[in-house]
Amino acid sequence: MSENSKKGILLESGTNEFEIVEFTVGNVNYGINVAKVREVINLVPVTQMPNSHHYVDGVFTLRGRVMPLVNLPRCLGADTEHQESAKNIIVSELNNYFVGFLVNEVSRIHRVSWTTME
């Protein structure tokens, strides 16, 4: 198999590469490792919780699992306009704990070599 034909294949072990999901909060682009992302969904109904942290909008249910929704625009200090326009949720699994992150937009997946990481 030629080197060019391998580019379309998802990551194989030993390639020294990883993939990140690029997303936007306010006017800034961020990334999260694809291995930590379970799925990306549109905004769903959220149930507010009393006495929750200011950055947590509440909880939502997805496929029978209840998880908190962290409002990243509010957490990262985006202006009010960006806080109100957030429309995507990145569902992530971190240390066997599912959490949703509210973001303005999810744009694409990038393949990155560890040698180019700073």
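The structure we're discussing is the one just above.
Keep in mind the model is a prediction, meaning the values are calculated, not measured. (Residues numbered from 1 in each chain as written. Predicted model: local features only at pLDDT ≥ 70, side-chain atom pairs only at ≥ 80, totals over all residues. Heavy atoms only, no water.)

(A) Here's a closer look at the packing of aromatic side chains. Tallied over the entire structure, the rule returns 2 aromatic pairs. Ring geometry for Phe-18 and Trp-114: centres 4.3 Å apart, planes at 35 degrees, overall tilted. Pair noted here: Phe-18 is in strand β1 (residues 17-25) and Trp-114 is in the segment after β8 (105-113), with a separation of 96 residues, a long-range link. Geometrically, the ring pair formed by Phe-23 and Tyr-30 is stacked, given 5.9 Å between the ring centres and 25 degrees between the ring planes. Among the residues examined, Tyr-30 registers a relative accessible area of 31% and is labelled partly exposed. When the ring centre of Phe-98 is taken as reference, the NZ or CZ atom of Arg-65 above it lies at 3.8 Å. (Phe/Tyr/Trp six-rings, centres within 6.5 Å; stacked < 30°, edge-to-face > 60°. Helix = DSSP H or I, 4+ residues; strand = E, 2+ residues; numbered from the N terminus. Buried < 20%, exposed > 50% of the residue type's maximum accessible area, 1.4 Å probe, protein only. Lys NZ or Arg CZ within 6 Å of the ring centre and 35° of its normal.)

(B) Representation of the environment of Val-103 in the model. Turning to its location among the elements, Val-103 is positioned in strand β7 (residues 97-103). On the basis of relative accessibility, which here comes to 0%, the residue Val-103 falls in the buried class. Sequence separation of Val-103 and Val-25 is 78 residues, and the distance between their C-alpha atoms is 5.5 Å. If sequence neighbours within four positions are ignored, Val-103 has contacts with Phe-23, Thr-24, Val-25, Leu-72, Ala-86, Lys-87, Asn-88 and Ile-90. (Contact = heavy atoms within 4.5 Å.)

(C) Up close: the sheet that holds strand β4 (residues 56-62). Spatially, the 5 strands line up as an open sheet ordered β3-β6-β7-β5-β4, and their pairing is mixed. Looking at the sheet topology across the chains shown, the edges are occupied by β3 (37-42) and β4. Neighbour to neighbour, the strand axes of the sheet diverge by 30 degrees on average, direction disregarded. Alignment of β3 against strand β6 (residues 88-94), held across 5 bridges, turns out to be antiparallel. Within the sheet, the bridge partner assigned to Asn-42 lies in β6 and is Asn-88. (Pairing = 2+ DSSP bridges. Axes fitted to C-alpha atoms, helices over the stretch in contact; angles between N-to-C directions.)

(D) Structural context of unusual backbone geometry. Phi is positive for Arg-63, which is not a glycine, with a value near 55 degrees. Among the structural elements, Arg-63 can be located in the loop between β4 and β5 (65-71). For Asn-96, which is not glycine, the phi torsion reads 60 degrees and is therefore positive. Turning to its location among the elements, Asn-96 is positioned in the loop between β6 and β7.

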